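Now for the letters of each chain:
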Amino acid sequence: MGLMWRIGPKCSKEGVAHNPLNNKWATIAVRAVRPQPSGDCATKVPMPDTREGPRRYKLPQMIPPPDTYPLLESIRNPADLRRLQPAQLAPLADELRQFLIQSVSTRGGHFAAGLGTVELTVALHYIFNTPYDRLVWDVGHQAYPHKVLTGRRELLHTIKQHGGLAPFPSRGESEYDTFGVGHSSTSISAALGMAVAAAKRGEDRRAVAIIGDGALTAGMAFEALNHAGSTPSDLLIILNDNDMSISENVGALSNYLARALSGRMYAHLREGGKKVLRQMPTVWELARRSEEHLKGMVLPGTLFEEMGFNYIGPIDGHDLKSLVTTLGNVKKLKGPQFLHVVTRKGKGYAPAEADPIKWHGPGPFDPASGKIFKEASTGPTYSQIFGQWLCDISERDPKVVAITPAMREGSGLVEYSKRFPDRYYDVAIAEQHAVTFAAGLAAEGFKPVVAIYSTFLQRAYDQLIHDVALQNLPVVFALDRAGLVGSDGATHQGSYDLSFLRCIPNMVVMAPADENECRQMLYTATTLSSPSAVRYPRGTGPGVPLVAEMTALPVGRGQHRREGRSGLAILAFGALVDSARKIAERLDATLVNMRFIKPMDEALVVDVAARHQAIVTIEENAIMGGAGSAVSEVLAAHGVSLPVLHLGIPDRFIEHGSRDTCLAAAGLDLAGLSASVEKWWAVQTPERVRSVRSV
Ligand SMILES: Cc1ncc(C[n+]2csc(CCOP(=O)(O)OP(=O)(O)O)c2C)c(N)n1
């Protein structure tokens, strides 16, 4: 019989384990139990110490971080680190952790994930010859310790701010950042590419992908595993398993990893056996073979082994000694390796350990008390408005269901997930699946609402076209963070959705000018029999009160807001309507809130063009292919020519900063928009207008 856990009857706190090597049974304590797919107690498994549930901490007992970091300050780059004695690594890790706490507390940033990778980062740079050996961090939100150890310690407090360090690893920033990241689950593919490139050039460099258990849930990660496991590439994949995504990690893979971790006794035996047998190659080889047999029974499926990897672990990701030893050994191995490292998100900072969701990306905080400073609220955010609307519509319409690809908190779905647990689907970081899953639900008569950030919908473009739009299935896309998002920077800007959505047949695309319009547009979307998207920005709107009653807007109709006498008309889309209003008032221009990007209010556009000398379009989307382009297409189709200025996101990537600095960088803040409109309008002389009109 293989090694297996037998949990006592009715999920008691004790379990019994059988050790096939000595044919003995031992009683073990069962600690935390991850939720399993079925309610069957017998399938539940014990977890290692690092997975205990949230603990209660007494904040006043926390030790304030030191002001100086003698060891850390001696590390200018990883070469310095590699000169340390092994015994100095743990004190260095302690200093690094305290430095992170102090630095992030000043301005906020990604936090809990980085605390969990402190020891792993130290060990990786200690063992691998970086940057010659390639480290590829997945997503990159956990790479703050990496930035600190690779020459950016003094700049860490500038991270995510305008002109400061990039939020994620960025090739332009450091030679140690081997691959630009931000969107998840790319690390294995990229590192495999690097491993293959090294082999082609005959270089003996290592490629290491460090991927979280959340990021590993994405299809792309599995595509890469599928490829890598079938190659002889010298690729090391490190699974940083902390049982968390931004929220709790979900899905069958998460359950699988829990089962793998339940082989704690197996791992213990294995490590002990290795120590004894290491000096005796022949015996070791025999043991390895029987171990494989044993593992096949112990670790259900041995998924990664069966995919072609040499699976090592699980090991404690906070035990520097074993990390250094294991990485040192793994580095010598050839072929695809998979090292399973167990860490705790928020490690070493009590409040973050207790609530890693809250501390995933906090604002500035007081390190001593753990109090996060909240920005003064200027009203509900669009995400909150969406979440409230979703609860309201779901009360009313039993066919509405909600889907999120791992973004419950960011998308405003926390309350919904509690109130409507049977209609809420967190599908993990799987945007492509989220969209086709929604299509399936819609095909059966449900009204799925996919809550997704504009930037992450990019992942699911084929699904959007092929599975949703082509079949004209009424899926509602609630596109959060559309437009410039600010501190997450270029990887996360929602710059393109209008361009990539409006060219798809059957789509209805809306952009609300304010909070209430957002609510009414979302409702309108649920009344349609075709797919639709409502795109709204990050943060708050102009402060328009919500009307509880939901009324469908006339589809494809803009809203004439102001008639001017200057001869200039501004056609504005979405979040920038409010700025456009201020400009229109100052210049005595006509203002239209276009509301629909598709179908566009052609009659209104043609009518405005006939009555004005020039048109300015304003949108928070790439100018190319965006809403303004759609206006020009309408004019061209109707044979109307007049001077038109398109204002939107220019043809370059907008880097990180506050949302306001990003808007300014794109020329889309009020000052930038006003200046552009005024400058352009000033040269639209009657002669020029006449010449354009006569074309
Ligand atoms: C394609 C994509 N979807 C969603 C996100 C948002 N996101 C950033 S980090 C994260 C969770 C990652 O979890 P994991 O890989 O386990 O790392 P941990 O934070 O637990 O260390 C998510 C969902 C993203 N960056 N990319």
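Residues numbered from 1 in each chain as written. Predicted model: local features only at pLDDT ≥ 70, side-chain atom pairs only at ≥ 80, totals over all residues. Heavy atoms only, no water.

1. Quick word on the packing of aromatic side chains
Here is step 1: The full count for this structure, using the stated rule, is 19 aromatic pairs.
Here is step 2: Taking 5.0 Å as the distance between ring centres and 55° as the angle between the ring planes, the aromatic pair formed by phenylalanine 111 and phenylalanine 365 counts as tilted. Of this pair, phenylalanine 111 sits in the loop between helix H3 (89-107) and helix H4 (112-116) while phenylalanine 365 sits in strand S9 (residues 365-366); the two residues are 254 residues apart in sequence, bridging distant segments of the chain. Judged on exposure class, the residue phenylalanine 111 and its partner phenylalanine 365 are both buried.
Here is step 3: Pairing tyrosine 311 with phenylalanine 338 gives two aromatic rings, centres 6.1 Å apart and planes at 20°, and the pair type is stacked. (Phe/Tyr/Trp six-rings, centres within 6.5 Å; stacked < 30°, edge-to-face > 60°. Helix = DSSP H or I, 4+ residues; strand = E, 2+ residues; numbered from the N terminus. Buried < 20%, exposed > 50% of the residue type's maximum accessible area, 1.4 Å probe, protein only.)

2. Regarding the site of the ligand
Here is step 1: Lining the immediate environment of the ligand, one finds 22 residues, of which His141, Gly214, Met244, Lys345 and Glu431 sit closest.
Here is step 2: Asparagine 242 is positioned such that a nitrogen or oxygen atom in its side chain is 3.0 Å from an oxygen atom of the ligand.
Here is step 3: Residue methionine 244 places a main-chain N or O atom 2.7 Å away from an oxygen atom belonging to the ligand.
Here is step 4: Starting from 590 Å² of accessible surface for the ligand in isolation, the protein chains cover 97%. (Near = heavy atom within 4 Å. Polar contact = N/O pair within 3.5 Å; in protein donor to acceptor, adjacent residues only side chain to side chain. Areas by Shrake-Rupley, 256 points an atom, 1.4 Å probe, with all protein chains shown as cover.)

3. Considering the sheet that holds strand S19 (residues 590-593)
Here is step 1: Pairing is mixed across the open sheet formed by 5 strands, whose spatial order is S17-S19-S18-S21-S22. Single-partner strands in this sheet number two, and they are strand S17 (559-562) and strand S22 (644-649). Strand-to-strand twist in this sheet, taken as the mean axis angle between neighbours without regard to direction, amounts to 20°.
Here is step 2: Sheet topology places strand S18 (residues 568-572) next to strand S21 (residues 614-622); 5 bridges connect them, and they run parallel. Counted as the bridge partner of isoleucine 570 is valine 616 from S21.
Here is step 3: Where helix H26 (residues 670-682) meets the sheet, it contacts S18, S21 and S22, and its direction lies at approximately 160° from that of S22. (Pairing = 2+ DSSP bridges. Axes fitted to C-alpha atoms, helices over the stretch in contact; angles between N-to-C directions. Contact = heavy atoms within 4.5 Å.)

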